[in-house]
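Here's the letter readout for the chains.
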Amino acid sequence: METIIEVKNLKKSYDGIIAVNRIHFKVYRGEIFGFLGPNGAGKTTTINMLTGLARITEGQIFLRGKDVTHDIQSVQKIIGVVPDENNLYEELSGFDNLCFCGALYGMKKNDRERIARELLNLFGLKDAGRRKFSEYSRGMKRKLTFAAALMHEPEILFLDEPTTGIDVASVRHIRNLIRELNRKGATIFLTTHYIEEAERLCHRVAFIDRGKIITTDTVEKLLDANRDAHMVDFRFAPVSFDISQLTEKLHSRFPHISCVLRDPGTIRITSRQVTDIAPVVSFLASSGLLVQEARIIKPTLEEAFVKATGIEINLMKK
Ligand SMILES: Nc1ncnc2c1ncn2[C@@H]1O[C@H](COP(=O)(O)OP(=O)(O)O)[C@@H](O)[C@H]1O
Ligand SMILES: [Mg+2]
């Protein structure tokens, strides 16, 4: 496997605040690599250093062997960047914005107009091409920002939260495009705070929290680590008494299972072996809880993430 991104001992501090704390990782050619973590973890700071937008405090970054600190010009020719905020001209049309980006990359007029038209088609923005960027919806803006990063046909794409804050249809469209670009050979580095997005899209992920990488592995391996966890969610009718102690009682009665209160109406039990749920339901009933639904939960990257970081998942959905 060819290493296309190599990050060594990378650190960024802002006036004493350490945003990225000595991280190491490699990305291989042809991968979709996900940088996954909650808000404030250091994802944007990292991607900005990778793309030459933020100065590195310490450490090194190599993109296809070129040192980003010393050779940013040649690096920029091979990368495309979709920042977390739209960076295009409000007063220009979609088409003109794309052509302008092409011009910045030194593309000839014919080439940039042809590729701009192709990209508008690809992103479903053909009819919007003549309209001003300022008139676009959030989803359309995101798509055009994405298209602009593809004008010079880069071999590495950096996407900072590509689907945050846009409508469901645009999310689907963008995810499909990411897969398609990857199939055609682009290496993709994306950040996200959506675990489910990382699980669906990425080949490998790094979990980042408070500036540190906690673990890096293929999605497949991370899921495997939890394959022996059997989980059942019990949903019950609302009750008026305090049930905070119930998980402990349940655990003392059934020592082989661990239990957590997922929300005020759901208890999750986890065990190494398949657990007979009838006694659990009876026990809950004798404690005054009427179980309305028991649902088997298949381990997802969410559980792997919680296990590795100790961060509860509702933090990630903000
Ligand atoms: N320009 C800045 N000045 C000072 N602190 C910053 C700046 N940018 C980011 N930070 C801090 O660095 C940390 C990481 O931020 P960021 O990389 O934006 O996280 P993420 O993209 O994972 O949400 C946060 O604590 C944030 O407040
Ligand atoms: Mg960010």
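Bear in mind the structure is a predicted one, so any value in this text is a computation, not a measurement. Sequence order as written defines residue numbering, which begins from 1 separately in each chain. Chain letters start at A and ligand numbers start at 1, both assigned in the order the entries are written. With pLDDT at 70 or above as the cut-off, local features in this predicted model cover only qualifying residues; side-chain atom pairs require 80 or more to be listed or tallied, and sums for whole chains, interfaces and linings still use all residues.

1. Some details on the environment of Phe 158
Next, step 1: Comment: elements are numbered from the N terminus, with helices defined as DSSP H or I runs of at least four residues and strands as E runs of at least two. Relative to the elements of secondary structure, Phe 158 occurs in strand β7 (residues 156–160).
Next, step 2: Sequence separation between Phe 158 and Asp 84 is 74 residues; the distance between their C-alpha atoms is 10 Å.
Next, step 3: A pair of residues counts as a contact when their C-beta atoms, built from backbone coordinates, are separated by no more than 7 Å. The contact partners of Phe 158, leaving out residues within four places of it in the chain, are Ile 47, Leu 50, Thr 51, Ile 79, Val 81, Val 82 and Phe 189.

2. A few points about the domain arrangement of the chain
Next, step 1: What fixes the domain bounds is an automatic or database domain assignment. Domains assigned within the chain are domain 1 (3–224) and domain 2 (230–298).
Next, step 2: One C-alpha centre belongs to domain 1, the other to domain 2, and the line joining them spans 42 Å.

3. Points about the sheet that holds strand β11 (residues 230–236)
Paired through their backbone hydrogen bonds, the strands of a sheet run either parallel or antiparallel.
Next, step 1: One open sheet holds the 4 strands; their spatial order is β12-β13-β11-β14, and the pairing between them is antiparallel. Lying at the two open borders of the sheet, with one neighbouring strand each, are β12 (257–263) and β14 (291–297). Within this sheet the neighbouring strands show an average axis-to-axis angle of 20 degrees, counted without direction.
Next, step 2: Two strands pair if DSSP finds at least two bridges between them. In this sheet, strand β13 (residues 266–271) lies alongside β12 in antiparallel orientation, the contact comprising 6 bridges. For helices, the fitted line uses only the C-alpha atoms of the stretch in contact; every axis is such a line through C-alpha atoms, and the angle between N-to-C directions lies from 0 to 180 degrees.

4. Thoughts on helix α3 (residues 94–104)
Next, step 1: Those residues of α3 lying buried are Gly 94, Phe 95, Asn 97, Leu 98, Cys 99, Cys 101 and Gly 102.
Next, step 2: Summarising the contacts, the buried residues of α3 are in contact with α4 (109–122) and α5 (138–150).
Next, step 3: Following α3 by one or two positions, Gly 106 adopts a phi angle in the positive range, close to 75 degrees. Counting other C-beta atoms within 10 Å of its own, a residue is labelled buried from 20 upward, exposed at 12 or fewer, and partly exposed in the gap between, with every C-beta atom placed from the backbone.

5. Here's the deal with the environment of Phe 189
Next, step 1: Along the chain, Phe 189 falls in strand β8 (residues 187–192).
Next, step 2: By the C-beta count within 10 Å, which is 27 here, Phe 189 ends up buried.
Next, step 3: Sequence-wise, Phe 189 and Val 27 are 162 residues apart; in three dimensions their C-alpha atoms are separated by 8.0 Å.
Next, step 4: Setting aside chain neighbours within four positions, we find Phe 189 in contact with Ile 5, Val 27, Phe 33, Phe 35, Leu 50, Ile 156 and Phe 158.

6. Brief notes about the nonpolar core
Next, step 1: For this analysis, nonpolar core means a set of buried Ala, Val, Leu, Ile, Met, Phe, Trp, Tyr and Cys residues linked through C-beta atoms within 7 Å. One finds Leu 98, Ala 147, Phe 158, Ile 188 and Phe 189 to be the most contacted residues of the largest nonpolar core, which totals 69 residues.
Next, step 2: Here this core gets 7 residues from one element, more than from any other, and that element is α5.

7. Notes on the pairing of strand β1 (residues 3–14)
Next, step 1: Pairing of β1 with strand β2 (residues 17–28) involves 9 bridges; the strand directions are antiparallel. Residue pairing across strands places Tyr 14 opposite Ile 17, the latter belonging to β2.
Next, step 2: Between the end of β1 and the start of β2, which pair antiparallel, lie 2 residues, with Asp 15 showing a positive phi angle near 40 degrees.
Next, step 3: When β1 meets strand β4 (residues 58–63), the two strands line up antiparallel, connected through 5 bridges. Bridge assignment links Glu 6 to a residue of β4, and that residue is Phe 62.

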